[in-house]
Structure formats: structure tokens, C-alpha cells
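Working through the structure, step by step
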Amino acid sequence: MTLWLMAGLLFTPLAWAVLTLLLDFSKGRVVTWLGILVQVLVSLGLWAAVASDGGFLYLLGGWQAPLGIELRVDGLAVTFVLLTALVAAACGWHASIYLDPGKPWHRYFWPLFWFLWAGLNAVWLGGDLFNLYVGLELISLAAVGLVALGGQADALRAAIRYLMAALLGSLAYLLGVALIYGQFGTLSLAGVTDLVSNGGAQSNLTFPLILMLLGLALKTALFPMHGWLPPAHGIAKSPVSALLSALVVKASFYIAARLWLDLGGDLGGYALAQLIGVLGSLAVIWGSWLAFRQAKLKQVVAYSSVAQIGYLFLLFPLTWGVTDAISQQAQQGITLQVVSHALAKAAMFLAAGNLIMSVGSNRVDALAGVSRFLPFSLFSFGLAGVSLMGLPPTGGFAAKWLLLQASLASGQWWWLGVLLAGGLLSAAYVFRVYRASFIEATDTDQFYHPSRSLEVIPMILALLSLGLGLVAEPVLSVMSLPFEGGSR
């Protein structure tokens, strides 16, 4: 059973990608609907298997490392697999209605969508450093193609800028992988961790680890390396922006977090951990301020992504030199933040796409009067914003509450100011959008009314983000399941 589940996650998305490449938009849409159903069922099956029996290492083809490909299937990995299935299914459903089938280049959305999904699953389940790189590259190339979809000059410029940043980050990561392989003779992350824990040349691992973290930080758009993100997320089609913000930037952070938790705790210093935390804090403040000042709606949401990403990097100072209980609390808070942000930001981008379609403009001031004619999408936007603010009972509140407790318990009280200021600034840019939408500029209905399905999709995602705080405990119980050290 496990074999079929793994094959369904890793290989069937590639099959769907190749199949949709041969079809037009409408036929590719039908194939994609079938593929989404399969992927969601397989993701639920693997999540249930790990929740019931615990995690495990899976050796692809039965080959042992270092020759074979090792997959790490634990609670955190299957949680992200399921999150990807939910968000990608919503974005695929939205794109099937939102994109114009009459434009021939839109047919390429489906194969790029499936290549992206395959790369994401490869990263969540990857257990060796090189194949994590392969997954990252597949994600980056598919994401760049999605940003450039349509071929407009602004989209091409943003895609090329994204490509340059992604390649530079990947090269830094790959160089670190090569240095680690030269030293330890294995690419297995678990194998390297065992060697390091047994006293294997820890001092020589510091430089490659920092190099890899630097490359991954660039790909995650950590301040001040975030310049490529707002143009790419802002210019892309709304379903693409939702995928990029909700899932793509999380993949590189996921790898960085795995490296830090497995290797960095004993090798990194206090100064390094605090520096990363400070950069994350600056991202929260600066990104939120820029989001508040943007004239275009999608740029507001894009700079909001820069800010929300900053919270994730508090993982580094809050897990260095602390007790296991505090470290676990911080990890749970960051994981909830990732999941909550993915759901909320996907909802926000999709709702923003509906609003832009309705008023025929991307400008915030063009939303005047839309509250009377598109309240459902506006309400979805607001619910997602509530989660970003960290108000109860949302998943964002549960995440920030755990981070607040970890900050106090570890004696790092200064991060509290970041958590509070970030929430207030999030409220400022969300309420700015609401203020613009309630201005009455006309008494006539001059707005386009999108399909009801387009409005339902972001609402579902926003409600999931809202309800995550109510079911945080059972979700965290699965997230914390480790792999047992055995293999299948």
C-alpha cells in the first residue's frame, strides 16, 4: 500500500504534466480535475497512514543510501503534502474558471502546474540533499514559467528576475551540498546528522551550512534579498500568485529549517541565530509598511508575503540553545504559521483576483463601491486578513501565541514587539483595502460579476485558515510524529 501511495505522490503528477502538455486548455482542464482528485485522495491516505502507524524512511527501489534515494516520511512531511493538495486543488479549480481558454498560451498552465506539484512533493518527502536540490529546481523552473505565462513585457521581466534569483540561490545551495558530500561521502541528511552527532568534523561543516542557508534564504525572499518577489507575485495571474505565495517560497524555507534543526543547533552560534531573527523581524516591519503604501491591490498582497515570511525565520533564534520543550513549542508555532499563512494568502490572492476582475483595475482606489456588488470576495479577503493579523480563533493567532510563549520561556522577550507590531501593521493594510471598497463613487452597477465558483474557492480557504486555530492540537499531534528510524 505504501508503495502505491509514494508512487501516486511523486510520479503521477509528472504523468499528468506530460499528458496535459499534449492537450488544449479545455481537455487539459478535465484531465487536471481527475488528477486533482487522485492527488487529494493519495495525500489523505498517506497522512492517515502516518497518523496511525508513525513515520518512516522509504528507500526508493529498495536501494540503500548513498546510492539510493531516501525519502523521509514523518508527520511534518505528510502535513505539508496534504496542505499542498488542498491549496493546489483550490488554485487549480480557480484557474480552470479564471483563465481564458481562448488564449492559446493558457494551455501551458496545466503542465507547469503539475510539474510544480511534483517538485513540491519531492521537497516535502526528500531525505537526501541532492534530490532536495532537484525538487527545488523543478519548482523554480515551473514557477518562473507560470509567472511568464502570457508573455507580456512586465511578466517576462519579473520572470527573468525571479529566474536569476532562483539560480543564484540554487548554486549556493548546491555548492554547500558538494562540500558536505566531499567531507562525509553521503548525501543522506539522516546519515550526515548521525556522523555529526558522533563527532564527525563539526567545525568543517559550518561554512557549507551557512552557504546553503544563504542560498535558501534568497529563494525564500528573506529581507533584504526579497526584491524579486513582489514583481513576480504581483504580475502573475491570480491562481499563480496564490500558488507562489502559499507553497513555493515555503519549499526553500522547509529545507532551511530541516538543515538548521538537524545540523545547525550544534554548529551555528548565538550571533548567527540572532542575526537571522533580526532579518526576519525587519522583513515583518518593512514588508508590512511597504504593503500599506502600495497603490496596486496585488502588490499590497505581495509585500504582505514578504512580511509574513519574516515570522518564519524566528525559528532560528527560538530553537538555538534552548530546552527541548521550548524548541518544540517554537517549531509548532512556526509550522502552524506556515500552514495558516498558506491558506490565508492563497485565499487573499484569489479574492484579490476576483475583485480586480470585477472593477477592471488593479488599483486599490478603483475598488470604490465594490462592497455593494462583490461582498463575498471582499469578505474572503477580510477573513484571510484576520488570520494574518493573528486574531483569535485563527491559525495565525495559535501560531503567534506559541511563538510568544517560546520567546518568553527562552528569555528572548524582544521578539514580542515584532509579533505585536506585525499584527498591527497587517491590520493597517487590510483595513486600507476595506476603506477603499466602502467609498461610494457611483450609484449604478458598473461592476463585472465573476462566477459564483470563483468566489466560493477563496472563502473555503479563508474559513480553513480561520478554523485552524480551533483544531490546532490534533493537527500538531500529527505534525510532531517523527520517523522511527526504520525503512520500508
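Please refer to the structure placed before this passage.
1. With respect to the pattern of salt bridges
Tallied over the entire structure, the rule returns six salt bridges. Between Arg157 and Asp154 there is a salt bridge; the shortest N-O distance is 2.2 Å. Of this pair, Arg157 and Asp154 both sit in helix α7 (residues 153–184), separated by three residues, roughly a single helical turn. Taking the relative accessible area as the measure of exposure, Asp154 reaches 43% and is therefore partly exposed.

2. Considering the packing of helix α12 (residues 270–293) against helix α18 (residues 415–437)
Where α12 meets α18, the axes come as close as 8 Å, and the angle between the chain directions of the two elements is 20°. Between α12 and α18, the interaxial angle falls into the category roughly parallel. Classified by chirality, the crossing of α18 by α12 is left-handed. Taken together, the residues of α18 that come into contact with α12 (itself represented by Gln274, Gly277, Val278, Ser281, Val284, Ile285, Ser288, Ala291, Phe292 and Arg293) are Trp415, Val418, Ala421, Gly422, Leu425, Ala428, Tyr429 and Arg432. For the contact of α12 with α18, a count of residues per class yields eleven nonpolar, five polar and two charged.

3. Comments concerning helix α3 (residues 25–53)
Over its 29 residues, α3 runs 41 Å from end to end, which matches the ideal 42 Å to within 8%, given 1.5 Å per residue. Buried within α3 we find Phe25, Gly28, Val31, Thr32, Gly35, Ile36, Gln39, Val42, Ser43, Leu46 and Val50. Capping the start of α3 is the job of one residue whose side-chain oxygen sits 3.3 Å from the backbone nitrogen of Ser26: Asp24. Two residues or fewer after α3 comes Gly54, characterised by a positive phi angle close to 90°.

4. Topic: the packing of aromatic side chains
Applying the stated criterion across every chain yields a total of 22 aromatic pairs. When the centroid spacing of 5.7 Å and the interplanar angle of 25° are considered together, the rings of Phe109 and Phe113 count as stacked. Here the residue Phe109 and the residue Phe113 both occupy positions in helix α5 (residues 109–125), the gap between them amounting to four residues, near one helical turn. Each of the two residues, Phe109 as well as Phe113, counts as buried. Relative to Trp117, the ring of Trp114 has its centre 5.0 Å away and its plane inclined at 5°; by these criteria the two rings are stacked. You can see Trp114 and its partner Trp117 sitting in helix α5, three residues apart, about one turn around the helix.

What counts and what doesn't
Residues numbered from 1 in each chain as written. Predicted model: local features only at pLDDT ≥ 70, side-chain atom pairs only at ≥ 80, totals over all residues. Heavy atoms only, no water. Salt bridge = Lys/Arg side-chain N within 4 Å of Asp/Glu carboxyl O. Helix = DSSP H or I, 4+ residues; strand = E, 2+ residues; numbered from the N terminus. Buried < 20%, exposed > 50% of the residue type's maximum accessible area, 1.4 Å probe, protein only. Axes fitted to C-alpha atoms, helices over the stretch in contact; angles between N-to-C directions. Parallel < 35°, antiparallel > 145°, perpendicular 65-115°, else oblique. Left-handed = near helix turned anticlockwise from the far one by under 90°. Contact = heavy atoms within 4.5 Å. Nonpolar A, V, L, I, M, F, W, Y, C, P; charged D, E, K, R; others polar. Expected span 1.5 Å × (residues − 1). Polar contact = N/O pair within 3.5 Å; in protein donor to acceptor, adjacent residues only side chain to side chain. Phe/Tyr/Trp six-rings, centres within 6.5 Å; stacked < 30°, edge-to-face > 60°.

On their own, these measurements won't tell you what the molecule is for.
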